[in-house]
Amino acid sequence: MQSQLPIYPEQASNFAPQVDALMIFITGVCVFFAAAITIAIVFFFFKYHRKESTAVGIVTHEDSRLEAVWMIVPLILAMAMFGWGAVVYVDYRNTPHDTLDVYVVGKQWMWKAQQPNGLKEINELHVPVGRNIRLILASEDVIHDFFVPAFRVKMDVVPGHYNTMWFRPTKPGRYHFFCSQYCGTNHALMGGWVTVMEPSDYSAWLSGSSGGSTNPAVAGEKLFAEKACITCHVANGTGPSPSLNGVYGAQVLLADGSTVTAEEAYIRESILQPNAKIVAGYPPLMPTFQGQLTEEQIFALTAYIKSLQSQPVPAKGYGIAPPTGKK
Amino acid sequence: MSNTPLTPDLELPDEHYLNATYGSGIRSWLLTTDHKRIALLYLASVTVFFFIGGVLATMIRIHLLTPGGALVTPETYNKLFTMHGVAMIFFFLIPSIPAVFGNFLIPLMIGAKDLAFPKINLLSWYIYLIGGGFVLYSFSTGGLDTGWTFYTPLSSVYSNSAVTPAVIGIFINGFSSILTGLNFIVTIHTMRAPGMTWFRLPLFAWAHYATSLVMILGTPVVAITLLLAGLERMFHLGFFNPALGGDPILFQHLFWFYSHPAVYIMILPAMGVVSEIIPTFARKPIFGYSFIAGSSIAIAVIGFLVWAHHMFVTGESTYAALTFSFLSYLVAIPSAVKVFNWTSTLYKGSISWDPPMVYALGFIGLFVIGGLTGLFLACLGLDIHIHDTYFVVAHFHYIMVGGAVMGYVGGLHFWWPKITGRLYPKSLSQFAAIILFVGFNLTFFPQFILGYLGMPRRYHTYPPEFQVLNVLSTAGASILALGYLLPMSYLIWSMRYGKVAGPNPWPATGLEWKTDSPPLTENFHVTPEVTWEPYDFQNRPDLGLAAGARPLAPAHGDD
């Protein structure tokens, strides 16, 4: 509906109508207050214009009830804005489970995306309409931000952190994406296009242009051997470090008794800062890989560990918390 | 001047702080400890930085006339907006009202001879100059391209510009702020004239008290944060760079812990100015004095607890985001209270259309838009779309230029007769106020729409669909520039040719109006005693108004 008005960008994701509705609500409240104040000021300005040079105003006394009213009414409206905004935000920050995951790396001044089958794109992102898409964001250098106005979502891409964002495209088409966190000289050129396709077109596109690309899990398996991870993380659990079979998505029991979900951010941290979270029952043996792996290599290793999710967990020699462990 | 009481032809006092007996040579200015002269030193120096920032802004707006960028290279564009921000925020907006009007007026308003620590006051100006010198050195040797926010690791590792002298300059300049804040707090606590109780203090003094708290508590944090970024840059110590084990998000927390309250350093004093102007030109006590005074303190306190609302899309925890959004909505309430009370003060007033009033009402109009658009940005769900777009640029310019600068220019018009002893052309200044208001809105309102359409900030080039709104904005900026050049011209003209104002031309109720214009070096001939309530026109026969029915007394008459 609003997409026809020039003051709105196109609505092309599940979040776009929600954000626009919030915008309309808050605009409505604010226009009301701004108009009321402006009309009052303009009215008083003319109505009480001083006619005699020595005239003074009529004293009006402070009224606590009036003060209370104009504190409480705006507070109630502000809380409505807060609550509604929070609902949308919590939805945005809680990614659904059935997402199609795309890895996105920002670097000065380009974006590299990697589809689940390993297909790589530069300053382009192809996604199917109607699927929940999760972008896993990493930066090679400074802070960037992945922003798609037509989807009404953005997320900073922070070096040393994994951030994720999700959306569900609702309308096929081509939409601008921008870097919206200032990142140096060519910040303004660090953008591109999101292409939202019908699922069948998307599959055809994936298979049609996948020549030469390596499945990230395969690349990760190779790295796992090259970097000698395999020496300690023995699959059958007999090595000095826990087996990684089935660990992705599971709860891992740590030395301090707490548990953590083995997802992208945890795996990344364990590779780069192995001593940050020690698995219960294992000595802190692992060397750091900080500065030795590119973001894409970390993606590949993560993809490989993810592919081990379906492998049988050995009888002993793993880090997964027993089911009775606390959440 | 038909709206102000008729007064006989006035003459400047024989002796005042500008021509005082200890001489008027350059030495007597550079070594002065007179708060009024120091205020004028600040006035001159912040004007220089305002001019530098203004020229940079003009170049930015010309560059953005065409989608491809009309004027400069990307590197230069990035330097333009960075240096514009640094010059305007750290060296114009933060010192502007406190260091100029606060310095000039706080002792006069509370009936003191000077600030509590006059030499420290002069020291703070020299510190400002040294800090400013470092920053100008950075600007002229390679420039600065990090954005005024200095986000790491861009500033600490990747930038090729002169970051180090700039952060040293801002670090040094911080002490100037801290010392000024300290001086104000001690002065307001200890040097009030007999009868000047806390609840007889002008609201301008309350606003500066709140501002000073923020200056003292917040400035050390940003100073140390920028120093850490500088150390990381110079010596590769890993504070914020993840490759060295640091965390770039930590920088943002520390930076905004000061830099959000810094917005209140800019806007609270402007609110104080407006709280003086409105009752004066409505000729009645301000409505809800204690609520306006209390709201200044509330803004200063809650303002310290909202910083991470700049970080909703950095990946901060959802619970942190919820907390900071909630607190950001709370801080909106005391600002709303001020606006409602100012508006109510007009009710049944005797409203003159003198220039300061036109500026003050313009302030309210722009501040209302700036404040209300803050509600959009505090809204978590909406911020994921409008964060880091032109919506934010428009919002903070409405607060910092529409609000703080409008308040500053309004204050200049209100106290100019006190500072110089002379009046300026009335119609011309009313016209300038309207030009400023119209030019400002035309410049920045289109940017809200640009932001919602998705134009990110700090872009030297943009897709063609954004051009129309950018052209509108540039057109507005040229009107706005006229709105600043006009007052600059006629105020300078008036210093020599303006009509002599007399001690209390409006008239106003504050103590600063009960002495000569310009005042003596010692401010008052006799220590004043306060026996009236603030902004009371009814029981002040000395003002020569209808209720009092006594001609306007010269300041060193019988008071």
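Chemist: Help me out: how do you make sense of the overall build of chain B in this one?
Modeler: In terms of regular secondary structure, chain B is built from 15 helices and 0 strands. Its C-alpha atoms give chain B a radius of gyration of 23 Å, near enough to 24 Å, the size a compact globule of 559 residues would have. With respect to the principal axes defined by its C-alpha atoms, chain B has extents near 75 × 45 × 45 Å. The buried share among the 559 residues of chain B stands at 64%. Long-range contacts, defined here as pairs at least 24 residues apart, represent 82% of the contacts in chain B between residues at least 6 apart.

Chemist: Would you mind showing me how to read the pairing of strand β7 (residues 153-157) of chain A here?
Modeler: The two faces of a sheet get side chains in turn, since along a regular strand they alternate between them. Residue and element names in this part refer to chain A. Judged by how many residues are buried, β7 sits mostly within the fold: 5 of 5 residues are covered. Judged by which residues are buried, β7 turns out to be covered on both faces: Val-153, Met-155 and Val-157 on one side and Lys-154 and Asp-156 on the other are all buried. Connecting strand β6 (residues 144-148) to the next strand, β7, in antiparallel fashion are 4 residues, including Arg-152 with a positive phi near 60 degrees.

Chemist: Sorry if this is basic, but what is going on with the sheet that holds strand β5 (residues 133-139) of chain A here?
Modeler: As a general point, the strands of a sheet are linked pairwise by backbone hydrogen bonds and lie either parallel or antiparallel. All names here are of chain A. Spatial strand order, β3-β2-β1-β5-β8: 5 strands in an open sheet with mixed pairing. Taken across any chain shown, the strands that pair with only one partner, and hence form the sheet edges, are β3 (120-122) and β8 (163-167). Strand-to-strand, the axes of this sheet are offset by a mean angle of 25 degrees, without reference to chain direction. Of the pairings in the sheet, the one linking strand β1 (residues 100-107) to β5 comprises 7 bridges and is parallel in character. What sits directly across from Asp-101, in β5, is Arg-134.

Chemist: Explain the domain arrangement of chain A to me, please; I cannot follow it from the model alone.
Modeler: Frequently, the measure chosen for interface size is the accessible area that the parts lose on association. The domain boundaries assigned to chain A delineate domain 1 (2-47 + 61-93), domain 2 (100-208) and domain 3 (216-310). For domain 1 of chain A versus domain 3 of chain A, the separation of C-alpha centres amounts to 48 Å.

Chemist: What is the right way to look at the nonpolar core in this model?
Modeler: Taken as a class, soluble globular proteins show a tendency for nonpolar side chains to be buried jointly. Membership of the largest hydrophobic core comes to 258 residues, with the highest contact counts inside it found for Leu137(A), Val274(B) and Leu375(B). For this core, the element with the highest residue contribution is helix α3 (residues 74-110) of chain B, accounting for 23 residues. Here Leu375(B) is in contact with Ile26(A), Cys30(A), Ala78(A), Met81(A) and Ala332(B), once residues within four sequence places are set aside.

Chemist: What is the right way to read the sheet that holds strand β9 (residues 173-179) of chain A from this model?
Modeler: Residues and elements named next belong to chain A. Taken in spatial order, the 5 strands line up as β4-β10-β9-β6-β7 in an open sheet, and their pairing is mixed. For this open sheet the edge positions go to β4 (124-128) and β7, each flanked by a neighbour on one side alone. Across this sheet, the average inter-strand angle for adjacent strands is 25 degrees, counted without regard to direction.

Chemist: It is not clear to me how helix α14 (residues 426-453) of chain B should be interpreted in this structure. Could you clarify?
Modeler: Residues lying three or four places apart along an α-helix face the same way, a consequence of the helix completing one turn every 3.6 residues. Residues and elements named next belong to chain B. Its 28 residues place the ends of α14 42 Å apart at the C-alpha level, agreeing with the 40 Å of an ideal helix rising 1.5 Å per residue. A maximum bend of about 25 degrees is found in α14 at Leu-442, where proline Pro-446 lies one to four positions downstream. Phi turns positive one or two residues past the end of α14, at Gly-454, with a value near 110 degrees.

Chemist: Honestly, the packing of helix α7 (residues 203-235) of chain B against helix α9 (residues 289-302) of chain B in this entry has me stumped. Any pointers?
Modeler: Between two packed helices, both the angle of their axes relative to each other and the distance between the axes serve to describe the pair. All names here are of chain B. It is the contact of α7 with α9, at a shortest axis distance of 9 Å, that shows an interaxial angle of 10 degrees. Regarding the angle of α7 to α9, the classification is roughly parallel. Facing α7, whose interface residues are Leu-203, Trp-206, Ala-207, Ala-210, Leu-213 and Val-214, α9 presents Ile-292, Ala-293, Ser-296, Ile-297, Ile-299 and Ala-300. A per-class count over the contact of α7 with α9 returns 11 nonpolar, 1 polar and no charged.

Chemist: I would appreciate a short explanation of the environment of Ala217(A) in the present structure.
Modeler: Residues and elements named next belong to chain A. Turning to its location among the elements, Ala-217 is positioned in helix α4 (residues 216-226). C-beta crowding within 10 Å serves as the criterion here: with 20 such atoms nearby, Ala-217 is assigned to the buried category. Sequence spacing of Ala-217 and Gly-118 is 99 residues, and the spatial spacing of their C-alpha atoms is 8.3 Å. Ignoring any residue separated from it by four or fewer positions in sequence, one finds Ala-217 in contact with Ala-303, Tyr-304 and Ser-307.

What counts, and at which threshold
Residues numbered from 1 in each chain as written. Chains lettered and ligands numbered in written order. Predicted model: local features only at pLDDT ≥ 70, side-chain atom pairs only at ≥ 80, totals over all residues. Helix = DSSP H or I, 4+ residues; strand = E, 2+ residues; numbered from the N terminus. Rg over C-alpha atoms; globule rule 2.2 N^0.38 Å. Buried ≥ 20, exposed ≤ 12 C-beta atoms within 10 Å, placed from the backbone. Contact = placed C-beta atoms within 7 Å. Pairing = 2+ DSSP bridges. Axes fitted to C-alpha atoms, helices over the stretch in contact; angles between N-to-C directions. Domains from an automatic or database assignment. Core = buried A, V, L, I, M, F, W, Y, C linked by C-beta atoms within 7 Å. Expected span 1.5 Å × (residues − 1). Bend = angle between axes of the 7 residues up to and from the residue. Parallel < 35°, antiparallel > 145°, perpendicular 65-115°, else oblique. Nonpolar A, V, L, I, M, F, W, Y, C, P; charged D, E, K, R; others polar.

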